[in-house]
Every structure is written in C-alpha cells, then in structure tokens.
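Listed below, chain by chain, are the residues.
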Amino acid sequence: MKNYKHIGLLISFLLLSFSNVNAQILATNPKNEVRAVWIATVANIDWPISRTDNIEKQKTDFIEILDTYKKLNYNVVIVQIRSVGDAFYPSQFAPWSRYLTGKEGDAPKPYYDPLAWMIAETHARGFEFHAWLNPYRATMDLKTDILSPKHDFYQHPEWMIKYGGKYYYNPALPDVQDHLIAVVDEVVKNYDIDAIHFDDYFYPYKEKGQVFNDSVSFKKYGCGLNVDDWRRSNVNNLVKNISVSIKKLKPWVQFGISPFGVWRNKSVDPKGSDTQAGQTNYDDLYADPIAWMANNWIDYLVPQLYWSMDHPRASYSKLLRWWSENSTNTALYIGNGTYKINADSDKKWSNPNEIPDQINITRTYKNVQGNAFFSAKSFLNKNLNVAQLLKDNQYKYPALPNVVPNSVRKVMDVPMINTIVKNPISSSFTVRYPLNSKVRYVMVYGAKNDTKINVNDPSQIIEKIAFKDKNNALDIKIPTLKLDKNNNCAITFIDFYGNESAATLVNFSL
C-alpha cells in the first residue's frame, strides 16, 4: 500500500476529454435528465404494501423499490409523506399515518423515523428524494371515527369542508394557509430533502350534483372577485408563500408541482390545448400552472400526461407539444402513466413500446428535461418487458438530474485524493469533504482498455456515492473489472444544487 499526497494526484482535468462526446450516445442517453418515479403511500398503493407490515418488512420492501429503479437507471424518487392530514414522520402538526402503522396516531413500534431512514437509503443509492405532500385533502372518506384526536378534523373542525365523500381543508382560510406553510416548513427544516412536491389535488375534482360549499368564506374574503378567480387566487397565494418560505430556509430545496395534464381546452380558450378533457386545471381545480411559472414560484412542473400517444380526446403527443410551447421560467418534466400498462381500456397500453415511444418523442423537445412515472409498483415484478426495453434503449446508461433551475454555478473545490490502492479485485482511494463547497456526492467515471476518460459520456459513469459524514473521508472502492486494463478513473463533486465540479484524474499506476 502506498500513500500519495493529494496535491500530487490533482492531475489537471485538462487531461480528460470534455469534447467530442459520442453524439449517438448523448442523443439516445443524455447525461443530464430527470428519471423519476412516484412512490404512493395513500391507501398503500406502492408502499408500505400493507399497513400491518412490520418495520423490517417495510424497510425490505422500500429498499426493493430503490434497488429495482437504480438498476433501471432512474435517479429521483417522489415519496408521498402526507396524504390525508397525516404524516410519515414525527410531526407537531399531524398524527402518524394509519397507512404506516395500521392505526392513525400510533407511532412505529419499535420506534424509528421512517422519513429520515428513507432519505438516508435514497441518497446512499444516488437518488434525489422529493417529499410529496397533499396540502388540501384531509380524509379519504367520511369514517371520522378512525381519525386520531390529533387530526385537524377534530383540532380545527372549522377548517373542514365536506365534499364528494371526503373532507377537505378550506383553501380560503388564512389559518389554513398558515398551517400548511408550517407543515412544509417543518419538513424542510428537519430533513435533508431535495424537493417539496405537490400533485394535482388542489380544489377537488368536480363531482356531479355536489357543491363545494365555501360560500361563507367567499362572502368574507372574496374582495370583489368572481368565485372562480377568487379560488384560483387562494391556490396562487399558497403556492407563492410556500415557495418563498422554502427558499428562505434552504435555497437548494426545489419546489415542484405535478398538475393535471390539461390546463384548458381550446374550446373555451384559444390559448388552450387541442383536447376535450372533461375537467381542467384552470376551470375545475382552480389551479393555474401558467401563473406559477410566470411568477417564478416553482422550480419544476410535471404535467400528468397519462394518455396514449394518439388518444382522441387528450393525446400525449399534442399535450407534450402544448406544454413545451407554453412553459416558461421553470424546468419541465412529463408525467407518464405506467400504471396503465396492460391495464386500461385504451388498447394502446397493451403495446410494450407505448412508454418507450413516449420517451423518444419527449426527448425531441429540447426544453423538456425528463420524465416521471406513476407509479412504483408498475415495474416491480410486472411489466418486465417494458422495463427491459427502457433499460436496453432509452435508459441504457445512468444520468444525473438537472441542476436546480437558476442555480447553475461553479463548484469551487475539486476532489483531493489520498491513499490509492489497486489489486486484482478492486481499486480504492479516499476523498475528503471539500473546504469551501457544500457537496452531496462524488461521481466516479471510468473507461475500459485505453479509451480516453470523458466525464460528459454517460456510458462512463461508474457510480454516484453520497457523503455520509463531512468530517470523515469517503472511502471509494471500484471493482477492477469496471476499469478492465485502464489504470485511471476520474472523479467529480456534485453540490446540493446539482452542479458538478471540474474533474480530478486518479491514476492507479503511480
């Protein structure tokens, strides 16, 4: 074993090839692209599989999801941590979720913090962790006897509106808005998340013969607006204030929203899409993603385009183009409905190429920077032919998520190396946490034989390794077979915003 001072090993990154990347590789497998999957906990859709599972089974099943999607070269998980006024973490604002422990308000036994544990396991595998919260939905049904006494239904009954067989928080009330901001702040302050994520549930989807009775609030707070504009204003205020609050606490934490796939139909607004959707964001959910983007309130948008490519009423292809042409000031990803594979009346979903084709067409729009898939169980031991098609083609190599929008900056430090060892089984070295930069990962790149190392080539990504403790050096071990006969690898830092540092070449032959 030899000890090398890092100053001698900081071989200029100019030795690395940063240009002339194989154009075909980048065209079909971009190095920077969001590949996300939603992990739904409400009603135990994805995880935990059952609310009665013991903790060890819960942990085993969550790790299976992570490991499955890591092998498929995904890089973001969007995990539902609040669905109906509850929490998958210890909270002063909500009871423990019954979907976690079987009974609302009961803590895990033996006690642990599932959110802290999930984040640690997620980062250890190189994923971003986006904490998904439903702000307005308070219950899934009218069975209020199963709610904890600490649930807001009992603590603040004046906040609740009964509608469509559920209870909802009244979006118009200042106390509700303040409460929901506090809920988000608690998560941002206490946990090392990469993003706060809302889905499409704002004002509830309209149901025939039902009235969302907020007339008293409208009389008190309407301020001369018509009821539709007033409701949109209520949602806009929450989105704005949560955005401001997140960035004050941790500016690298993103705020993303995944709205319903149709903003407005062209039949009611010439600026709308060529669709015949029965409900829309603007007119029925009182959610206006166009305003959120225009005002820089969100970092990313993931419209849910859960239709087939040429669906007659809401075509994926047409909606993709519409969102591409109408997005501003934000990163744009597309939500894809993998839950429909072999399980929908639209027989296009029986074609294993439907999702791969959707990815292919999505990549033709330069301002669309990735996809998210609903939901995690879609590729867990089923639809394996589709998962394999993606792995063999569109997702053949790993990719890095994009930099937080408007946060591109230079990472001041480059990796400094100590203690290099190479043997027939593995090559190893240590990297110290940098002095001047806040970084989350070390990226390792390598090429076999005498191929020149190129950190812009995703096929050369070997691993993405998280720092567990900035006070201790990170030990990195690379199986020798990954490098074959090449005596070099390259490493970079990834900071909390997703920026990548210049590279350091590690030479194992010295």
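Every chain is numbered on its own, with residues counted from 1 as its sequence reads. For a predicted model such as this one, the threshold for reporting local features is a pLDDT of at least 70, and the threshold for listing and counting side-chain atom pairs is 80 or more; totals across whole chains, interfaces and linings nevertheless cover every residue. Side-chain numbers come from the whole structure's heavy atoms, not from hydrogens or water.

Description of the overall build of the protein chain
Strands here are runs of E lasting at least two residues and helices are runs of H or I lasting at least four, both read from the DSSP assignment and numbered beginning at the N terminus. Summing up its helical and strand segments, the protein chain has 15 helices and 17 strands in all. For 510 residues, the compact-globule estimate of 2.2 N^0.38 gives 24 Å, and the C-alpha radius of gyration of the protein chain, at 24 Å, lies within 12% of that figure. Here, two residues are considered to be in contact whenever any of their heavy atoms come within 4.5 Å of each other. Looking at the protein chain alone, contacts between residues at least 24 apart form 73% of all its contacts between residues at least 6 apart. Accessible area of the protein chain: about 21800 Å², with a carbon and sulfur share of 51%. Radius of gyration here uses only the C-alpha atoms, and the compact-globule reference equals 2.2 Å multiplied by the residue count raised to the power 0.38. Per-residue and other accessible areas follow the Shrake-Rupley method at a 1.4 Å probe size, with only the shown protein chains counted as cover for residues.

Let's talk about the packing of helix H3 (residues 55–71) against helix H5 (residues 114–124)
Fitting a line to C-alpha atoms yields each axis, with helices limited to the stretch in contact; the angle taken between N-to-C directions then spans 0 to 180 degrees. Contact pair H3 / H5: the axes reach a minimum separation of 10 Å and the direction vectors enclose 35°. The chirality of how H3 crosses H5 is right-handed. In contact with Lys59, Phe62, Ile63 and Leu66 of H3, H5 contributes Trp117, Met118, Glu121 and Thr122. Just so you know the grouping, Ala, Val, Leu, Ile, Met, Phe, Trp, Tyr, Cys and Pro go in nonpolar, Asp, Glu, Lys and Arg go in charged, and all remaining residues, Gly too, go in polar. Tallied by class, residues from the contact of H3 with H5 come to five nonpolar, one polar and two charged. Helix crossings fall into two classes, left-handed where the near helix is turned counterclockwise from the far one by less than a right angle and right-handed where it is turned clockwise.

A few points about the packing of helix H12 (residues 316–326) against helix H13 (residues 354–362)
Orientation of H12 relative to H13, taken along the N-to-C sense of each, is 30°, at an axis distance of 11 Å. Viewed along their axes, H12 and H13 adopt a mutual orientation that is roughly parallel. Along this stretch, H12 crosses H13, giving a crossing that reads as right-handed. Residues Tyr316, Ser317 and Leu320 of H12 form the contact with H13, whose own contacting residues are Gln358, Ile361 and Thr362. Residue composition of the contact of H12 with H13, by class: three nonpolar, three polar and no charged. Each angle gets one of four labels, with under 35 degrees taken as roughly parallel, over 145 as roughly antiparallel, 65 to 115 as roughly perpendicular, and the rest as oblique.

Some thoughts on empty space enclosed by the protein
Using protein atoms alone on a 1 Å grid, points that fit a 1.4 Å probe yet trap it form a cavity, whereas open point sets bounded by protein on both sides within 12 Å along at least five of seven lines form a pocket; residues with an atom within 4 Å of a point count as lining. Grid points are joined across faces, edges and corners, and a volume is the space filled by probe spheres set on the points. Under the criterion given, the structure shown has three cavities of 30 Å³ or more. Counted as a void, the largest cavity has a volume near 140 Å³. Lining the largest cavity are 16 residues, and of these Glu128, Ile494, Asp495, Tyr497 and Gly498 lie nearest its centre. For the lining of the largest cavity, the secondary-structure elements that each account for two or more residues are strand S13 (439–445) and strand S16 (488–495). A class-by-class count of the residues in the lining of the largest cavity yields eight nonpolar, three polar and five charged. Counted as a void, the second largest cavity has a volume near 40 Å³. Forming the walls of the second largest cavity are Arg82, Leu133, Asn134, Pro135, Leu180, Val183, Val184, Phe198 and Ile242. Ranked by residues supplied to the lining of the second largest cavity, first place goes to helix H7 (residues 174–190) with three residues. A breakdown of the residues in the lining of the second largest cavity according to their chemical character gives seven nonpolar, one polar and one charged.

Quick word on the sheet that holds S13
Only strands that DSSP links by at least two bridges are regarded as paired with each other. Taken together, four strands build an open sheet; the order of strands is S14-S13-S16-S17 and the sheet is antiparallel. Of all strands in the sheet, those bounded by a partner on one side alone are strand S14 (461–466) and strand S17 (504–507). On average, each strand axis in the sheet is tilted by 25° relative to the strand beside it, whichever way the strands run. Relative to S16, S13 runs antiparallel, the two being bridged by six bridges. Paired with Val442 across the strands is Phe493, a residue of S16.

Here we look at H12
Only protein chains enter the area calculation, which uses a 1.4 Å probe; residues under 20% of their type maximum are buried, those over 50% are exposed, and those in between are partly exposed. What H12 keeps buried is the set Tyr316, Ser317, Leu319, Leu320, Trp322, Trp323 and Ser324. By the N-cap criterion, in which a side-chain oxygen at the helix start approaches the backbone nitrogen of a residue two or three places on, H12 is capped by Ser315, the distance to Ser317 being 3.2 Å. Under the rule applied, a polar contact is a pair of N or O atoms within 3.5 Å (in protein, one hydrogen donor and one hydrogen acceptor; residues adjacent in sequence only if both atoms are side-chain atoms).

As for the pattern of salt bridges
Salt-bridge detection follows one rule: a side-chain nitrogen of Lys or Arg within 4 Å of a carboxyl oxygen of Asp or Glu. Going through the model one piece at a time under the given rule, you end up with 19 salt bridges. With a closest N to O distance of 2.6 Å, Lys57 and Asp61 form a salt bridge. Placement of both Lys57 and Asp61 in helix H3 is noted, with a separation of four residues, approximately one turn of the helix. Judged by relative accessible area, which is 34%, Lys57 ranks as partly exposed. Each of Glu33, Arg35 and Arg363 takes part in one network of salt bridges that share partners.

From the geometry alone we can't say anything about function, so treat these as descriptive.
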